Amino acid sequence: PTRTQPGWRRQQNTPIQESAEAAVPLVAPAAEPIAMDTASLAHLLYVVGSMCLGVGLCVLGVLCFFLPHTAAEMYGLPLQAECSAPARQDEAWVLATGFRDLFLGIITLALYLTQPQAMRVYTSCLVPLPLADALLALAYQAEPLAVATHLGGTFGVLVLAIAARCDPALDSAGKGRSA
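Residues numbered from 1 in each chain as written. Predicted model: local features only at pLDDT ≥ 70, side-chain atom pairs only at ≥ 80, totals over all residues. Heavy atoms only, no water.

(A) Up close: the overall build of the protein chain. Scanning the protein chain from N- to C-terminus turns up 6 helices and 2 strands. Helices (α) and strands (β) of the protein chain occur, in sequence order from the N terminus, as β-β-α-α-α-α-α-α. For the protein chain, restricting intrachain contacts to residue pairs at least 6 apart in sequence, the fraction spanning at least 24 positions comes to 66%. Approximately 11800 Å² of the protein chain is accessible, and the part contributed by carbon and sulfur atoms is 68%. (Helix = DSSP H or I, 4+ residues; strand = E, 2+ residues; numbered from the N terminus. Contact = heavy atoms within 4.5 Å. Areas by Shrake-Rupley, 256 points an atom, 1.4 Å probe, with all protein chains shown as cover.)

Dropping the structure here:
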């Protein structure tokens, strides 16, 4: 058969016979499982985790500036609704936390892009921060979901710290950014 005849299969560019015996099943063959060694998994977690941490912290910081009441509620410690002096002081703390998160996000991205080996120490030092946020939210009777969110953040930063320690691509200077 030629390309214009019905017996031509485009995917493989090979002719097929049009008969009941030669019918090609429409079920795709089972895909082979992807084998990933520990080093590759550590590098993947390091790359994805670094970007998620850096961008996520920047987004949280910006959220505090533009929507401080929403950010405080997400943290687990909502602000007072009225605009009295104590409420304005509470809002100032949300803005201070926003600056903290924004600059931690910028530092995370800067280290990831320019000094990937430093991420090993940086992420290890960063682990207590979301844990402290969880304990603070718990101490002030925050909703359980807010405390769980902080504990999830602690787990995420801990996984990133372990991945950075185990990523062999960070053993040589300048090779930490390869994908």
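(B) Region of interest: a nonpolar patch on the surface. On the surface, Met36, Leu41, Leu44, Leu45 and Val48 cluster together to form a nonpolar patch covering roughly 420 Å² of accessible area. Note on placement: Leu44 falls in helix 1 (residues 38-66). Using a relative accessible area of 43% as the deciding quantity, one classes Leu44 as partly exposed. (Patch = residues over 30% accessible without salt bridge, like charges linked within 9 Å, V, L, I, M, F, W, Y side chains within 5 Å. Salt bridge = Lys/Arg side-chain N within 4 Å of Asp/Glu carboxyl O. Buried < 20%, exposed > 50% of the residue type's maximum accessible area, 1.4 Å probe, protein only.)

(C) Spatial organisation of the environment of Leu45. Counting through the fold element by element, Leu45 comes out in helix 1. Since its relative accessible area comes to 36%, Leu45 is described here as partly exposed. Residues Leu45 and Ala164, 119 residues apart in the sequence, show an inter-C-alpha distance of 8.2 Å. Other than its neighbours up to four places away in sequence, Leu45 contacts Ser50, Val159, Leu160 and Ala163.

(D) Layout of the pattern of salt bridges. Counted under the stated rule, the structure contains 3 salt bridges. Asp101 serves as the salt-bridge partner of Arg100, at 3.2 Å between the closest nitrogen and oxygen. The exposure class of Asp101 is buried, given its relative accessible area of 8%. Of the charged contacts, one joins Arg100 and Asp133 as a salt bridge, the two residues approaching to 3.1 Å between their closest N and O atoms. On the criterion of sequence distance, the pair formed by Arg100 in helix 3 (residues 85-114) and Asp133 in helix 5 (residues 128-139) is long-range, its members being 33 residues apart. For Arg100, a relative accessible area of 28% corresponds to the partly exposed category. Salt bridges linked by common partners bring Arg100, Asp101 and Asp133 together as one network.

(E) Inspection of the environment of Pro130 at higher detail. Looking at the element boundaries, Pro130 is found in helix 5. Overall, Pro130 belongs to the buried group, its relative accessible area being 12%. Considered as a pair, Pro130 and Gly153 are 23 residues apart in the sequence and their alpha carbons are 6.0 Å apart. Excluding its chain neighbours within four sequence positions, the residues that come into contact with Pro130 are His150, Gly153, Thr154 and Val157.

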